[in-house]
Amino acid sequence: MVRMAVDKDLLESVEIGGRLTKVNMLQFADDTLFLCKASAHSVFVIKAILICFELASGLKVNFQKSSVGGIGCNNLLLQRFATVLNCATMKTPFKYLGMPVGGNHRRSKFWEEVVERVRRRLGRWKGKFISMAGRLCLIKSVLSALPLFYMSLYKMPVTVAKEIVRLQRNFLWGWGSEGRRIVWASWDKVYAPKEQGGLGMIDIRCFNIALLGKWIWRLGSEKQGL
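Everything numeric in this text was worked out from a predicted model, so none of it was measured.

**Student:** Describe in detail the overall build of the chain, supporting the description with residues and values.
**Tutor:** The number of helices and strands found in the chain is ten helices and eight strands. Looking at the chain as a whole, 32% of its 226 residues qualify as buried. For the chain, contacts bridging at least 24 residues in sequence account for 54% of all contacts bridging at least 6.

If you want it as structure tokens, here you go:
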């Protein structure tokens, strides 16, 4: 139905990127995101599309869980759109599929949630009562996997990477209420592979760059295939 509306010039898509790729809808499972020009006409078309979807499928759209937002739109205009769609308004940045949209990933504030999750997982009591092998296993299996979703799309600022490394270091050496304990090896040695006498822990900064490079390479390969 969206394709028909676009073909009949009823819904104007948003152009993104250097090639001005037209995007009008993103879908994942039962979650749908409409993208269009901010106009009353576009809102009425989206409303009609949703009503047609309900009639054709027999399903109901939960407008109570839906919201409308805009970039460069004033609050009065957004409120008018929300009245037509019978939903709430939202502001940027917002979350879509667990990822923040509209924020600046170059700022530390963008990564506050990731750092806080790491801090909660590495409570001081865990560092106090878990053995060295247990702490190392927890860092590898849990800590290093926490921000991967973010790092596969955004480059982590140096300050955020240093804060996560600081949490890793403090937890590994068992810092607790008694204060700082003995550091048994340099952090470079901790990152070194086991074959070279290290502990084989992942360098989160290098891993971030590797993930971004793999994503860019995959995207470039798909474009060449097209």
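From this point, the discussion proceeds with the structure in view.
**Student:** Describe the packing of aromatic side chains, naming the residues involved and giving the relevant values.
**Tutor:** Going through the model one piece at a time under the given rule, you end up with two aromatic pairs. Between F110 and W111, the aromatic rings sit 5.8 Å apart at their centres with planes inclined by 70°, giving edge-to-face as the arrangement. The burial state of F110 is the same as that of W111; both residues are buried. Geometrically, the ring pair formed by F110 and Y154 is edge-to-face, given 5.0 Å between the ring centres and 80° between the ring planes. Placement of the pair is F110 in the loop between β8 (99-101) and α4 (112-121) and Y154 in the loop between α7 (148-151) and α8 (158-172), with a sequence separation of 44 residues.

**Student:** Please provide a residue-by-residue account of the layout of surface pockets, values included.
**Tutor:** In this approach a probe as big as a water molecule rolls over the atoms, and the regions it shows empty are the leftover space. Estimated volume of the second largest pocket: approximately 230 Å³. As for the second largest pocket, its lining consists of P93, F94, K95, P100, G103, N104, R107, K109, F110, E113 and Y150. Among the residues making up the lining of the second largest pocket, the classes are represented as five nonpolar, two polar and four charged.

**Student:** Can you tell me about the nonpolar core, naming the residues and giving the values?
**Tutor:** Among the nonpolar cores identified, the biggest contains 26 residues, and W111, M156, I164, L172, W187 and M201 are the most heavily contacted of them. Contributing elements (two or more residues each) for this core: α4, α6 (132-141), α7, α8 and α9 (187-191). Among residues more than four places away in sequence, those in contact with L172 are M132, R135, L136, I139, W187, V190 and L199. Judged by nonpolar contacts, the second largest core, of 16 residues, contains L11, L50, F63 and L85.

**Student:** Could you give me a rundown of the environment of R169, with the residues and numbers involved?
**Tutor:** Relative to the elements of secondary structure, R169 occurs in helix α8. Using a relative accessible area of 28% as the deciding quantity, one classes R169 as partly exposed. Along the chain, R169 and V190 lie 21 residues apart, while their C-alpha atoms are 9.6 Å from each other.

**Student:** Before we move on, could you go through the pairing of strand β3 (residues 25-28) and cite the residues and values that matter?
**Tutor:** Sheet analysis places β3 next to strand β4 (residues 31-34), joined by four bridges and oriented antiparallel. Bridged to M25 within β4 is F34. Where β3 folds back onto β4 in an antiparallel hairpin, the turn is made up of two residues, including A29, whose phi is positive at roughly 55°.

**Student:** For the confidence of the model for the chain, give the residues involved together with the corresponding values.
**Tutor:** A residue-level look at the chain finds 86% of positions with pLDDT of 70 or above and a mean pLDDT of 78. Note that residues 216-226 has pLDDT below 50 and, in this model, zero contacts with residues that lie over four places away or in other chains.

**Student:** Give me the packing of helix α2 (residues 40-57) against helix α3 (residues 75-85): which residues, what numbers.
**Tutor:** Here α2 crosses α3 at 20°, and the two axes come no closer than 10 Å. In terms of axis orientation, α2 runs roughly parallel to α3. Judged by the twist between their axes, the crossing of α2 over α3 is right-handed. Between α2 and α3, the contacting residues are A40, V43, F44, I46 and K47 on the first element and F81, V84 and L85 on the second. Its residues placed into classes, the contact of α2 with α3 shows seven nonpolar, no polar and one charged.

**Student:** Describe in detail the pattern of salt bridges, supporting the description with residues and values.
**Tutor:** A side chain with one charge can pair with a side chain of the opposite charge if their charged atoms come near. A full pass over the atoms with the stated rule returns three salt bridges. Between R119 and E163 there is a salt bridge, with the nearest N and O atoms lying 3.0 Å from each other. Remark: E163 occurs in helix α8 and R119 occurs in helix α4; sequence separation between them is 44 residues. Overall, the relative accessible area of 21% leaves E163 in the partly exposed class. For R166, the salt bridge identified is with E163, shortest N-O distance 2.7 Å. With R166 and E163 both in helix α8 and three residues apart, this pair spans about one turn of that helix. When salt bridges that share partners are traced, they join E116, R119, E163 and R166 into one network.

Reading the values: rules and limits
- Residues numbered from 1 in each chain as written.
- Predicted model: local features only at pLDDT ≥ 70, side-chain atom pairs only at ≥ 80, totals over all residues.
- Heavy atoms only, no water.
- Helix = DSSP H or I, 4+ residues; strand = E, 2+ residues; numbered from the N terminus.
- Buried < 20%, exposed > 50% of the residue type's maximum accessible area, 1.4 Å probe, protein only.
- Contact = heavy atoms within 4.5 Å.
- Phe/Tyr/Trp six-rings, centres within 6.5 Å; stacked < 30°, edge-to-face > 60°.
- 1 Å grid on protein atoms, 1.4 Å probe; cavity = no way out; pocket = protein on both sides within 12 Å on 5 of 7 lines; lining within 4 Å.
- Points joined across faces, edges and corners; volume = space filled by probe spheres on them.
- Nonpolar A, V, L, I, M, F, W, Y, C, P; charged D, E, K, R; others polar.
- Core = buried A, V, L, I, M, F, W, Y, C linked by side-chain atoms within 4.5 Å.
- Pairing = 2+ DSSP bridges.
- pLDDT = per-residue confidence, 0-100.
- Axes fitted to C-alpha atoms, helices over the stretch in contact; angles between N-to-C directions.
- Parallel < 35°, antiparallel > 145°, perpendicular 65-115°, else oblique.
- Left-handed = near helix turned anticlockwise from the far one by under 90°.
- Salt bridge = Lys/Arg side-chain N within 4 Å of Asp/Glu carboxyl O.

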